[in-house]
Amino acid sequence: MEAVISALTEVIVLNPAFNICYIVGAMSLTPGLRPYPVPGDYVIAADRGFDSLMAYGVNPDLAVGDFDSLGHKPNHPNVIQLPAEKDDTDMVYAIRKGLELGYRRFVLLGGVGGRLEHTLGNLQLLDWLARHGAQGFLAGEKTAATCIRDNMAVTFPASMAGYLSVFCNSGTAEGVDLSGLKYPLENHTLAGDFPLGVSNQFLGQEARVRVERGSLILVWEDRGDFYAKLPKLWSHT
């Protein structure tokens, strides 16, 4: 179902089952992760992410942040300047805006590396998105991650290679199935205080991760083909 929404000065025809909200943060953005938005997608620059996008010729739809990392308020028609002291990080505020506009598919870039607490916080945001009926991917530093919870699954194509780690985000994750991987599990319970699922491996065949109850963080190596794989990685029941 398509929805027509008004976002600041721009009208967007949004298909929630297809369109993506890209959010670019302060960490470095490699050429392979430059977003290529299609009509209906939305690009938000969070603080210094504005410079990263402009360097690759991508004009964001919106710039948000306190701009302490950027060092100045960007010259852009759609800017939301936030106070330096606030409860939400710039990334969190940008995600809230994306959800408010109706997006349920998110790609978070420039949020891995640098300060460890920011990376951990961005991984937590993947679960926060899942709780809000959305899915996010975090990509950067040759790593990609997503989160699934409560009767959801991700199917990886046979072209995937390298390592896949599966972590219980907190408490316990019940009814965990890992198939098509070197170390399979069936109807297993993973605990948030022990990394049993670290460093599994793809086998050159389709692989599937599912959880019946609870939350899983999935982390794998990005070999420069993140966007080629992305269409097949959105979660399903």
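Residues numbered from 1 in each chain as written. Predicted model: local features only at pLDDT ≥ 70, side-chain atom pairs only at ≥ 80, totals over all residues. Heavy atoms only, no water.

A.B. asks: What exactly am I supposed to notice about the pattern of salt bridges here?
C.D. replies: When charged atoms on two side chains of opposite charge get close, those side chains can pair. Per the counting criterion, the structure on display carries nine salt bridges. In this structure, the salt-bridge partner of glutamate 174 is arginine 213, at a minimum N-O distance of 2.5 Å. Here the residue glutamate 174 occupies a position in strand S12 (residues 172-179), and arginine 213 occupies one in the loop between strand S15 (207-211) and strand S16 (215-221), the gap between them amounting to 39 residues. In this structure, the salt-bridge partner of arginine 213 is glutamate 212, at a minimum N-O distance of 3.9 Å. Its relative accessible area of 44% is what places arginine 213 among the partly exposed residues. A network of salt bridges, in which partner residues are shared, links Asp127, Arg149 and Asp150. (Salt bridge = Lys/Arg side-chain N within 4 Å of Asp/Glu carboxyl O. Helix = DSSP H or I, 4+ residues; strand = E, 2+ residues; numbered from the N terminus. Buried < 20%, exposed > 50% of the residue type's maximum accessible area, 1.4 Å probe, protein only.)

A.B. asks: Got a minute to help me understand the sheet that holds strand S4 (residues 42-46) in this structure?
C.D. replies: The strands making up a sheet associate through backbone hydrogen bonding, with each pair oriented either parallel or antiparallel. Read from one edge of the open sheet, ten strands run S6-S5-S4-S3-S7-S8-S9-S16-S11-S14, paired in mixed fashion. The sheet terminates laterally at strand S6 (79-81) and strand S14 (200-201), the two strands that pair on one side only. The sheet contact formed by S4 and strand S5 (residues 62-65) spans three bridges and is parallel. Note that in S5 the partner of isoleucine 44 across the bridge is leucine 62. Against the sheet, helix H2 (residues 90-100) touches strand S3 (21-24), S4, S5, S6 and strand S7 (105-109), its axis set at about 160 degrees to S7. The strands touched by helix H3 (residues 116-131) within the sheet are S7, strand S8 (135-140), strand S9 (143-149) and S16, with S9 carrying the most contacts at an inclination of about 35 degrees. (Pairing = 2+ DSSP bridges. Contact = heavy atoms within 4.5 Å. Axes fitted to C-alpha atoms, helices over the stretch in contact; angles between N-to-C directions.)

A.B. asks: Just to check I follow, could you spell out the packing of H2 against H3 for this structure?
C.D. replies: Angle between the axes and distance between the axes: these two values describe a pair of packed helices. Packing of H2 against H3 leaves a shortest axis separation of 11 Å and a crossing angle of 20 degrees. In terms of orientation, H2 and H3 fall into the roughly parallel class. Remark: the crossing between H2 and H3 carries right-handed chirality. Packed against H2, whose contacting residues are Met91, Val92, Ile95, Arg96 and Leu99, the element H3 presents Asn122, Leu125, Trp128 and Leu129 at the interface. Taken together, the residues that form the contact of H2 with H3 break down as seven nonpolar, one polar and one charged. (Parallel < 35°, antiparallel > 145°, perpendicular 65-115°, else oblique. Left-handed = near helix turned anticlockwise from the far one by under 90°. Nonpolar A, V, L, I, M, F, W, Y, C, P; charged D, E, K, R; others polar.)

A.B. asks: Explain H3 to me, please; I cannot follow it from the model alone.
C.D. replies: Given 3.6 residues per turn, any residue in an α-helix points the same way as the ones three and four places further on. Between its terminal C-alpha atoms H3 stretches 23 Å, which fits the 22 Å expected from 16 residues at 1.5 Å a residue. Taken as a whole, H3 has its buried residues at Thr119, Asn122, Leu125, Leu126, Asp127, Leu129 and Ala130. As for H3, its buried residues are in contact with H2, S7, S8, S9 and S16. (Expected span 1.5 Å × (residues − 1).)

A.B. asks: What should I look at first to understand the pairing of S12 in this one?
C.D. replies: Each regular strand shows side chains that alternate between the opposite faces of the sheet. Pairing of S12 with strand S13 (residues 185-191) involves four bridges; the strand directions are antiparallel. The residue bridging leucine 178 from the neighbouring strand is leucine 185, located in S13. Sheet topology note: the S12/S15 ladder contains three bridges and is antiparallel. Following the sheet pairing, aspartate 177 is matched in S15 by arginine 210.

A.B. asks: It is not clear to me how the side chain of asparagine 19 should be interpreted in this structure. Could you clarify?
C.D. replies: If you trace the backbone, asparagine 19 turns up in the loop between strand S2 (10-14) and S3. A distance of 2.8 Å separates the side chain of asparagine 19 from the backbone nitrogen of asparagine 15, its partner in a polar contact. In terms of polar contacts, asparagine 19 uses its side chain to reach the side chain of aspartate 41, at 3.0 Å. (Polar contact = N/O pair within 3.5 Å; in protein donor to acceptor, adjacent residues only side chain to side chain.)

A.B. asks: Sorry, what's going on with the sheet that holds S12 here?
C.D. replies: The four strands lie next to each other as S10-S15-S12-S13, forming an open sheet whose pairing is antiparallel. Of all strands in the sheet, those with a lone pairing partner are strand S10 (152-156) and S13, marking the two edges. Neighbouring strand axes in the sheet, compared pairwise and without regard to direction, differ in orientation by 20 degrees on average. Sheet analysis places S10 next to S15, joined by five bridges and oriented antiparallel. Residue pairing in the sheet places threonine 155 in a bridge with arginine 208 of S15.

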